[in-house]
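Fold and contact review
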Amino acid sequence: MASLDNLVVTTALPAIRSDLGGGLAELEWTVSAYTLTFAVLLLFGAALGDRFGRRRLFMVGLGIFTAASAAAALAPGIDGLIAARALQGVGGAIMMPLTMTLLTVAVPAARRGAMLGIFGAANGLAVAGGPLVGGALTEHLSWQWIFWLNVPVGVLLLVLARLRLAESYAPDARLDVPGTLLASGGLFGIVYGLINGHVDGWTSASVLGSLIAGVLLLAAFVRHGMVAAHPLLPMRLFRDRGFAGINAASALMFLGMFGSIFLLSQFLQGVVGYSPTEAGLRMLPWTAMPLLVAPLAGLLSDRIGGRPVVAAGLALQALGLALYALVLEPGVSYPAQLPALIVSGVGMALFFAPAASVVMSSVRPGEQGMASGANNALREVGGALGIAALGAVFAARGGYGSPQMFADGTVPALWIGAAAVAVAAAAALLIPGRRGIAAEREPVPETENPPQEQEWERERAGV
């Protein structure tokens, strides 16, 4: 549910705009309110579960998510929908990071590989099916049903969680409230400024003040991560080239991808004239390609290493967005769009398959939970910034006034998205190759290095 709700709303945006009103800024917040709160509270939600009980907090997050879904379905106006989406993000941020820990406790060690495969497939299916599910429900029932669908599932899961999941704690868990407030305030300020710049004016006091305050708060968050005893996100992790490279690549990848899908899903309906279901189906070559290609990409990554696969995937994703920008016009046919969709889908699959492995192999075993949470959070941050940034480009060069205006705004936004993903491909080249991994970290004498750490060092070196 949490992964599905990232993209499920995209194909419902024209119907939401028609029903509740609102302009570009409100539509952007309909998506970004979820991704932003989800991103900034993800690590904090994991720490809450470690300290107060993972099953307990999982149920709290699930309850918030379910109630917020009902509130979104019942929203009388666009502002109420945005508020409910933000609350959904809070619930998802508490619920989602605890799933892996709870699954690890619930499944015997011998079967955890199969569990990880099923878990990854479920997330991949959610991402692939988001636009299609949203489109089908919007067309055949109403847009409210993309949220009502969560309610019975959430209630059932609350019962199953209480009966079937075991409680667990992390006795040394620490909460970093100052770090959470700095990250939340900084990201909100930047996203608010980008979304409202075309409405209030880029030189207005509210927009400039928001952007400046956001940058200062994020700088303070980085400083906090360097000096605090137990920070939300230790900046020392970014000293590793692999960790820094894959996280920069992930954030930029999601910036280009989310911002593009936000505009293209509306273009396919409002300009080309597809129904919500038809729009969701036609985006499947992009969104569903990871289900087909990811297993092959994983095998390729095992043979030649993660860096070339990730970099190639990002290069193809950038190429796909560029191809779309070249053909996009009000009367574009679907066959003309298909090469861009397929290339983008293959690129996304090549990126997703080895990315998690690269993240995990770049840190020590005791830091893997924090590293995974940081990577997921930065992806969501990239998505929120992408919708805001590409939306600002769209508003500056076009608008909703006519099909031609929509195309005029979407084309330069796609070029910006393609450029962001191309920079992500360059960032992926910072990831050490198989031979460079061994030299990336100073060797530690075996007497100071526990067996688990020794095994990790050998794995990184490809031994």
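Residues numbered from 1 in each chain as written. Predicted model: local features only at pLDDT ≥ 70, side-chain atom pairs only at ≥ 80, totals over all residues. Heavy atoms only, no water.

1. Details of the overall build of the chain
Scanning the chain from N- to C-terminus turns up 20 helices and 0 strands. The proportion of buried residues among the 463 residues of the chain is 52%. Put simply, 82% of the contacts in the chain that link residues at least 6 apart link residues at least 24 apart. (Helix = DSSP H or I, 4+ residues; strand = E, 2+ residues; numbered from the N terminus. Buried < 20%, exposed > 50% of the residue type's maximum accessible area, 1.4 Å probe, protein only. Contact = heavy atoms within 4.5 Å.)

2. A few points about the layout of surface pockets
By volume, the second largest pocket is sized at about 850 Å³. Lining of the second largest pocket is provided by 24 residues; of these, F58, T99, L103, F119 and L157 occupy positions nearest its centre. Mapped onto the lining of the second largest pocket, the elements with two or more residues apiece are α4 (54-73), α5 (78-106), α6 (112-140) and α8 (150-164). Class assignment of the residues belonging to the lining of the second largest pocket gives a composition of 20 nonpolar, 3 polar and 1 charged. (1 Å grid on protein atoms, 1.4 Å probe; cavity = no way out; pocket = protein on both sides within 12 Å on 5 of 7 lines; lining within 4 Å. Points joined across faces, edges and corners; volume = space filled by probe spheres on them. Nonpolar A, V, L, I, M, F, W, Y, C, P; charged D, E, K, R; others polar.)

3. Considering the packing of helix α9 (residues 177-200) against helix α10 (residues 205-227)
At a closest axis distance of 7 Å, the pairing of α9 and α10 adopts a crossing angle of 155°. Comparing their axes, α10 and α9 come out roughly antiparallel. Relative to α10, α9 is oriented so that their crossing is left-handed. (Axes fitted to C-alpha atoms, helices over the stretch in contact; angles between N-to-C directions. Parallel < 35°, antiparallel > 145°, perpendicular 65-115°, else oblique. Left-handed = near helix turned anticlockwise from the far one by under 90°.)

4. Some details on the confidence of the model for the chain
The share of residues in the chain with pLDDT of 70 or more is 89%, and the mean pLDDT across the chain is 81. Across residues 436-463 the pLDDT falls below 50, and counting only partners more than four positions away or on other chains, this stretch makes 38 contacts in the model. (pLDDT = per-residue confidence, 0-100.)

5. Thoughts on the side chain of N247
With respect to the helices, strands and loops of the structure, N247 is situated in helix α11 (residues 241-270). The residues touching N247, leaving out its near neighbours within four places in the chain, are F238, A374, N375 and L378.

6. Section: α9
Here α9 spans 32 Å end to end across 24 residues, near enough to the 34 Å set by a 1.5 Å rise per residue. The principal kink in α9, of about 35°, is found at L194. For α9, the N-terminal cap is D176; the gap from its side-chain oxygen to the backbone nitrogen of G179 is 3.0 Å. Residue G201 follows α9 closely and has a positive phi angle near 100°. (Expected span 1.5 Å × (residues − 1). Bend = angle between axes of the 7 residues up to and from the residue. Polar contact = N/O pair within 3.5 Å; in protein donor to acceptor, adjacent residues only side chain to side chain.)

7. Considering the nonpolar core
L81, W286 and L314 are the most contacted members of the largest nonpolar core, which has 115 residues in total. For this core, the element with the highest residue contribution is helix α3 (residues 24-52), accounting for 15 residues. Discounting chain neighbours no more than four positions away, the residues touching L314 are A249, M253, G347, F351, V421, A424, A425 and A428. Listed in part, the 6 residues of the second largest apolar core include M289, A297, A349 and L350. (Core = buried A, V, L, I, M, F, W, Y, C linked by side-chain atoms within 4.5 Å.)

8. Re the packing of helix α15 (residues 306-327) against helix α18 (residues 403-428)
As a packed pair, α15 and α18 sit with axes 8 Å apart at the nearest point and diverge in direction by 170°. Regarding the angle of α15 to α18, the classification is roughly antiparallel. Once α15 is placed against α18, the crossing between them reads as left-handed. Contacts between α15 and α18 involve R307, V310, A311, L314, A315, Q317, A318, L321, A322, Y324, A325 and L326 on the former and, on the latter, V411, L414, W415, G417, A418, V421, A422, A424, A425 and A428. For the contact of α15 with α18, the per-class residue count stands at 19 nonpolar, 2 polar and 1 charged.

9. Some words on the side chain of Q266
In this structure, Q266 sits in helix α11. Residue Q266 is classed as buried on the basis of its relative accessible area of 5%. Beyond its immediate sequence surroundings of up to four residues, Q266 is in contact with L13, P14, L27, V271, Y400 and F406.

10. Description of the environment of L390
Relative to the elements of secondary structure, L390 occurs in helix α17 (residues 368-397). With 195 residues separating them in the primary sequence, L390 and I195 have C-alpha atoms 9.4 Å apart.

11. With respect to a nonpolar patch on the surface
Residues V153, L156, L157 and L160 make up a contiguous nonpolar surface patch of roughly 310 Å² in combined accessible area. Here V153 lies in helix α8. (Patch = residues over 30% accessible without salt bridge, like charges linked within 9 Å, V, L, I, M, F, W, Y side chains within 5 Å. Areas by Shrake-Rupley, 256 points an atom, 1.4 Å probe, with all protein chains shown as cover. Salt bridge = Lys/Arg side-chain N within 4 Å of Asp/Glu carboxyl O.)

12. Regarding the packing of aromatic side chains
Throughout the structure, instances matching the rule amount to 10 aromatic pairs. Taken together, the aromatic side chains of F267, F394, Y400 and F406 make up a single cluster linked through ring pairs. Residue placement shows R282 over the ring face of Y274; its charged tip is 4.3 Å from the ring centre. Over the face of the ring belonging to Y334 we find R282, whose NZ or CZ atom lies 5.4 Å from the ring centre. (Phe/Tyr/Trp six-rings, centres within 6.5 Å; stacked < 30°, edge-to-face > 60°. Lys NZ or Arg CZ within 6 Å of the ring centre and 35° of its normal.)

13. Examining the environment of L87
Positionally, L87 belongs in helix α5. For the pair L87 and F38, spaced 49 residues apart in the sequence, the C-alpha separation amounts to 9.1 Å. When residues no more than four places from it in sequence are discounted, the contact partners of L87 are I64 and A68.

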